[in-house]
Amino acid sequence: MQVLNFVVTQIFQQPAIFMALIAFIGLILQKKSFSDILKGTLKTAIGLLIMTSAAGIITNTVNPLATIFNHIYGINQVNNTGIGTNEVITKYGSVIGLVMLGAFIINILVAKFTRLKYVWLTGHLLFWMSFVWVAVLVDAGVKGAALIVFGIILMGLYITFMPALAQPFIRKITGGNTFAYGHTSTIGAVLGGYIGGLVGNKKNDTENIKISDSLDFFRDVTISTGLVMTVVYLIAVLIAGPVFVEQKISNGQNFIIYALIQGLTFGAGITILLTGVRMFIAEIVPAFRGITMKWIPNAIPALDCPMIFPYAPTAVMIGFITSLIVGIISIFILGFTGYPWVVLPAMIPFFFDGGPAGVFGNSTGGLRGAIVGGIIAGLIIIFGQAFVLPVVAHTITDFMRWAGDTDMVTLGSILGWILKIFGI
């Protein structure tokens, strides 16, 4: 069990180490020189560390908005009835580890012996989605061997079929099968791509929007993302008021200056993220060929959602902003109906789910498709949170309120309500 715990906590939950190990094995199998192996392994790790550092910057930038919106909505206290994320990990960590390991083995075997050639390599999400499956099963009263077996089956099916579901859209986005989509925002992104294609026109690509010379600066991703997020922050702090922002959020910094710094920091985070993505792809894809040649012919690595951001950065921002607006409106709707569970603005999914949904929607429906993708993601994030909270009432209500990706809230609620209906 100590070995399993080490693998889970020190490898799977450490994306840079996990992906560096994959690159190392792939380069060894290709019989590359020592120099090439060293460079490929280290640059894979460094590229991913740049990505995760940038993701941290983005997260730290958008998270205060949730507190600001809670103040605007008048939500001062949230009743998290479950035992909580940390307690679930502590109590069921070994079960989660077994689910991860079993599911990954299933994924590898399916990739080797069937036409579904997708190998899930987003290690940290392999952990968190397994965590969600286990929490929902525990909340329903599933115990012992059944908990492990059901968890492995659910997770094995998830990481095997979700990349296949998204791949037609990835081919449209990237123009090939270099990598697959391995992120827990797949349902929102795929629906965005499908419905976006029904209502939009892919010829009106967001990246080809005609802009007058005086507004040409919007084509620069750093400038456009920084400006858009600055405007969002300025609106939020002006509504919340200077007293609240300066006393509760900015540590005394002037509320306007705070909004400007946060918006520009977001732009910096996006720029750093895209730099890491380019470095990471340049190393992991060639290295992965060693594994495909020796062990799993024609395998395709399923990678994290930022992999698609460089292909349509404007669509990322459109999806994010649209999902944010729709999410805020949806919270008001739920509050107006008197829904008994308090639903919070989950700022992280608005970006890391809304952004990809915008890219998927753009790939089939252009600008209108990107907007539709963001709308769909925003609706799923908020209403999905509302539906999933009752089925994790005794476990992870805290987690689902801030990190509920579209797959987590959708599949988690479906499983939970099925178990409730059948009285399991």
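Everything in this summary refers to the structure shown in the same document. (Residues numbered from 1 in each chain as written. Predicted model: local features only at pLDDT ≥ 70, side-chain atom pairs only at ≥ 80, totals over all residues. Heavy atoms only, no water.)

**Quick notes on unusual backbone geometry**
Put simply, the rule reads: The way it works is that DSSP assigns letters per residue, a run of H or I at least four long becomes a helix, a run of E at least two long becomes a strand, and they are numbered from the N terminus.
Positive phi is not limited to glycine here, since Lys31 has a value of about 60 degrees. Following the sequence through the fold, Lys31 ends up in the loop between α2 (15–29) and α3 (34–73). A positive phi angle is found at Asn251, which is not glycine, with a value near 55 degrees. Within the element layout of this structure, Asn251 appears in the loop between α9 (242–249) and α10 (255–294).

**Topic: the sheet that holds strand β1 (residues 118–120)**
Threshold: Strands pair, by our definition, only if DSSP identifies at least two bridges between them.
In space, the 3 strands of this open sheet follow the order β1-β3-β2, with parallel pairing throughout. Both edges of this open sheet fall to β1 and β2 (180–181), since each of them pairs with a single strand only. Where β2 lies against strand β3 (residues 300–303), 2 bridges are found, and the strand directions are parallel. If you follow Ala180 over to β3, its bridge partner there is Ala302.

**Things to note about a nonpolar patch on the surface**
We apply this condition: Each patch groups residues whose relative accessible area exceeds 30% and which form no salt bridge, using 9 Å between like charges and 5 Å between nonpolar side chains of Val, Leu, Ile, Met, Phe, Trp and Tyr. Only the protein chains shown count as cover for residues, and all accessible areas are computed by the Shrake-Rupley method using a 1.4 Å probe. By definition here, a salt bridge exists when the distance from a side-chain nitrogen of Lys or Arg to a carboxyl oxygen of Asp or Glu is within 4 Å.
A surface patch of nonpolar side chains, amounting to about 670 Å² of accessible area, comprises Phe387, Ile414, Trp417, Ile418, Ile421 and Phe422. Ranked by the residues each element gives to the nonpolar patch, the list is headed by helix α15 (residues 406–421), at 4 residues. By secondary structure assignment, the location of Phe422 is in the segment after α15.

**What about the packing of aromatic side chains?**
Worth spelling out the cut-off: Pairing of aromatic rings covers Phe, Tyr and Trp, the last through its six-membered ring, and needs centres within 6.5 Å; plane angles under 30 degrees mean stacked, over 60 mean edge-to-face, and all others mean tilted. Under the scheme applied here, a residue whose accessible area is under 20% of the maximum for its type counts as buried, over 50% as exposed, and between as partly exposed, the area being computed with a 1.4 Å probe on protein chains only. In our convention, an over-ring charge means Lys NZ or Arg CZ found within 6 Å of a ring centre and within 35 degrees of that ring's normal.
All chains considered together, the criterion is met by 16 aromatic pairs. Consider the rings of Phe179 and Tyr311, whose centres lie 6.4 Å apart with planes at 45 degrees: the pair is tilted. Here the residue Phe179 occupies a position in the loop between α6 (144–174) and β2, and Tyr311 occupies one in the loop between β3 and α11 (313–337), the gap between them amounting to 132 residues. A residue is classified by how much of its surface remains accessible, and Phe179, at 2% relative accessible area, is buried. Seen from their ring centres, Phe399 and Trp402 are 5.5 Å apart, and the 75 degrees between their planes marks the pair as edge-to-face. Here Phe399 pairs with Trp402, and both are found in helix α14 (residues 397–403), just 3 residues apart, close to one helical turn. Relative accessible area serves as the criterion here: at 44%, Trp402 is assigned to the partly exposed category. Taken together, the ring pairs in this structure connect Phe127, Trp128, Phe131, Phe399 and Trp402 into an aromatic cluster. Lying over the aromatic face of Trp417, Lys420 brings its terminal NZ or CZ to 6.0 Å of the ring centre.

**Here's the deal with the pairing of β3**
Here is the key point about a regular strand: its side chains alternate between the two faces of the sheet. Where burial is concerned, the two faces of β3 agree: the one with Ile300 and Ala302 and the one with Pro301 and Leu303 are both buried. Pairing of β1 with β3, which is carried by 3 bridges, proceeds in the parallel orientation. Looking at the pairing, Val119 lines up with Pro301 of β3.

**What to know about the pattern of salt bridges**
A complete count under the given rule lists 1 salt bridge for this structure. In this structure, the salt-bridge partner of Lys43 is Glu283, at a minimum N-O distance of 3.7 Å. Within this pair, whereas Lys43 is found in helix α3, its partner Glu283 is found in helix α10, the two being separated by 240 residues in sequence. We classify Lys43 as partly exposed; its relative accessible area is 36%.

**A closer look at the nonpolar core**
A general feature of soluble globular proteins is that nonpolar side chains tend to end up buried together. Quick note on the threshold: Each nonpolar core is a collection of buried residues, namely Ala, Val, Leu, Ile, Met, Phe, Trp, Tyr and Cys, held together in the definition by side-chain atoms within 4.5 Å. Whether two residues are in contact is decided by their heavy atoms, any of which lying within 4.5 Å being enough.
Counting residues in hydrophobic clusters, the biggest one holds 134 residues, and the most contacted among them are Phe360 and Met400. Sorting elements by how many residues they give to this core places α10 first, with 15 residues. Ignoring any residue separated from it by four or fewer positions in sequence, one finds Met400 in contact with Val132, Gln385, Val388, Leu389, Val392, Met408 and Val409.

**Points about the side chain of Asn362**
Heads up, the rule is: Pairs of N or O atoms are called polar contacts if they sit within 3.5 Å, as long as, within protein, a hydrogen donor faces a hydrogen acceptor (for residues adjacent in sequence, only side-chain-to-side-chain pairs).
Topologically, Asn362 is positioned in helix α13 (residues 354–388). Of note is the side chain of Asn362, whose polar atom sits 3.5 Å from the side chain of Asp205. Ignoring anything within four residues of it in the chain, the contact list for Asn362 reads Lys202, Asn204, Asp205, Thr206, Ala312, Ala315, Leu367, Gly369 and Ala370.

**Things to note about α10**
Test applied: A helix is expected to span 1.5 Å for every residue after the first.
Taking 1.5 Å per residue, 40 residues should reach 58 Å; α10 reaches 57 Å between its end C-alpha atoms and fits that length. At the N-terminal end of α10, a side-chain oxygen is found 2.9 Å from the backbone nitrogen of Ile256, two or three residues along, and the residue is Asn254.

**Side note on the side chain of Thr61**
Following the sequence through the fold, Thr61 ends up in helix α3. Residue class for Thr61 comes out buried when judged on its relative accessible area of 2%. Within the structure, the side chain of Thr61 is placed 2.6 Å from the backbone oxygen of Ile57, a separation counted as a polar contact. The contact partners of Thr61, leaving out residues within four places of it in the chain, are Tyr233, Gln262, Thr265 and Phe266.

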